[in-house]
Amino acid sequence: MHTVTRKTLFPILSFILLLSGCVDSYDPQLPGNLDVVIVDGTINNLPEQQVIRLNRSKSDPINGRPGFMALTKAKVQVVVDSAQVIEAHETYDGVYYLPSDFRGQTGHAYQLRFTLSDGSTYQSTQQIMPDVPPIGKVRVEFNPTSLSPPLIDGYRAAHDFYIDTQDPEGQPNYYKWDWKLWEKQEWCRTCYQGIYSIDTVLVNYSPTGTLSYITGNQLFEDCFYPTSNYFSGSVLPDWVYDYKCRTKCWAIFASVELNLFADGFTDGAMISNRKIARIPFHQRTGGLVELRQSSLTPSAYRFYKDFQEQTQNSGGVADPPPTASIGNVQNVANSTELVIGFFTASGVASVRHWLDRKDARGVPLGLFMALKGREPNPEPESPIVYLFDTKSRSRPYTAVCVDSEKQTSYMPQGWRN
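These lines cover the structure that appears in this document, whether it is placed above or below.

Criteria and thresholds
- Residues numbered from 1 in each chain as written.
- Predicted model: local features only at pLDDT ≥ 70, side-chain atom pairs only at ≥ 80, totals over all residues.
- Heavy atoms only, no water.
- Helix = DSSP H or I, 4+ residues; strand = E, 2+ residues; numbered from the N terminus.
- Buried < 20%, exposed > 50% of the residue type's maximum accessible area, 1.4 Å probe, protein only.
- Contact = heavy atoms within 4.5 Å.
- Areas by Shrake-Rupley, 256 points an atom, 1.4 Å probe, with all protein chains shown as cover.
- Disulfide = S-S within 2.5 Å.
- Salt bridge = Lys/Arg side-chain N within 4 Å of Asp/Glu carboxyl O.

**Things to note about the overall build of the protein chain**
And step 1. Scanning the protein chain from terminus to terminus reveals three helices and 27 strands.
And step 2. Out of the 417 residues in the protein chain, the part that is buried amounts to 47%.
And step 3. Here the contacts in the protein chain between residues at least 6 apart in sequence split such that 73% fall between residues at least 24 apart.
And step 4. As presented, the protein chain carries roughly 20,900 Å² of accessible surface, and 51% of it is formed by carbon and sulfur atoms.

As structure tokens, this is what we get:
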């Protein structure tokens, strides 16, 4: 079994848990020669897209700071019951989606295989998807001091979600709880040192040679970035403009905390009032919350439990040795290569709950503040870059919602207008 020090494992696994949040954790004692493959993927039984994420963590040779880059152009497969091979296709850089109609089934075995663009081949251990009991009663309570650590400027208000579930008797069960939140958003695009344009932008020179920009006839719907010579060869000034949504758009938030439980001492008992979510008070309008209860394989539970203990470890003299399992993925040709992360299969029970926030007290954080860490800065009447619209449309433009892992233009099932 490969092991690494706590100081090495913590920032890397933090990245795994926060992949969708583009975390860039840093520990000054991280080895300067770090170069590891990071794997994150779980097959479940829900009617949703199944996703595998591949990244590489590599230290900067000068300052030792770990950087993360997506592993693109890999050949990714999931093998079902050692017989059926399902191909995954790269949708975003390093993010591989299995076919939309594929979903796991409890009692069946799943294994991940992938080959990187350099020919290196990796595979996981086989994981048999365990069954999961349904979520029972759901209780929600507003808590003005819920979030710890707090969000921006010490903000702590949230709604706490509690559930009941009946643990099956006579078998070991391992649980993990997660949540997802959809919120209607007003701002769809941010341009750093650029301006948003609906159509393509063309360069135009006056008879005296003055550079200007005009819109063309082809659809663009993106940020346009002027060249430095627009500013007479000087360095581009620093600015940021935000643009409101022209189409419907929902921001997507996901839990990042590990919430685990093993029924070793409570086999067959009712799990009551288990807190499984803390949904931040972003805005007074309602949001849609999905609560997920996952069954873990024993090996997956040990992996997540190791990480949970390390991240909560105080470093005292009574603490266990600072080592942890790396995961269940190996380089086929080189078993000594360090590979971080875990591939597993989980039965998932889920419920969706409309959070109306009518009981919330105080001032909300603000959705834009939660997303960007600042207030919006709309394009002013006289922007730094002037764009002449040949179709006589007024500025500032509004922007379309671009689908990604952080936002969607599709109304989530269960949304209430």
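**Looking at the state of the cysteines**
And step 1. Counted under the stated rule, the structure contains three disulfides.
And step 2. Here Cys-191 engages in a disulfide with Cys-223; their sulfurs sit 2.0 Å apart. Looking down the S-S bond of the Cys-191 and Cys-223 bridge, the torsion is -85°, so its handedness is left-handed. One end of the pair, Cys-191, is in strand β14 (residues 187–192); the other, Cys-223, is in strand β16 (residues 211–224), with 32 residues separating them in the sequence.
And step 3. Each bonded cysteine of the protein chain is numbered by sequence order, and under that numbering the disulfide pairs are 1-4, 2-3, 5-6.

**Some points on the pattern of salt bridges**
And step 1. Applying the stated criterion across every chain, the model contains 19 salt bridges.
And step 2. Measuring nitrogen to oxygen at the nearest pair gives 3.3 Å for the salt bridge that ties Asp-199 to Lys-391. Residue Asp-199 is found in strand β15 (residues 195–205), and its partner Lys-391 is found in the loop between β26 (387–388) and β27 (407–408); the two are separated by 192 residues along the sequence.
And step 3. By relative accessible area, which is 42% here, Lys-391 ends up partly exposed.

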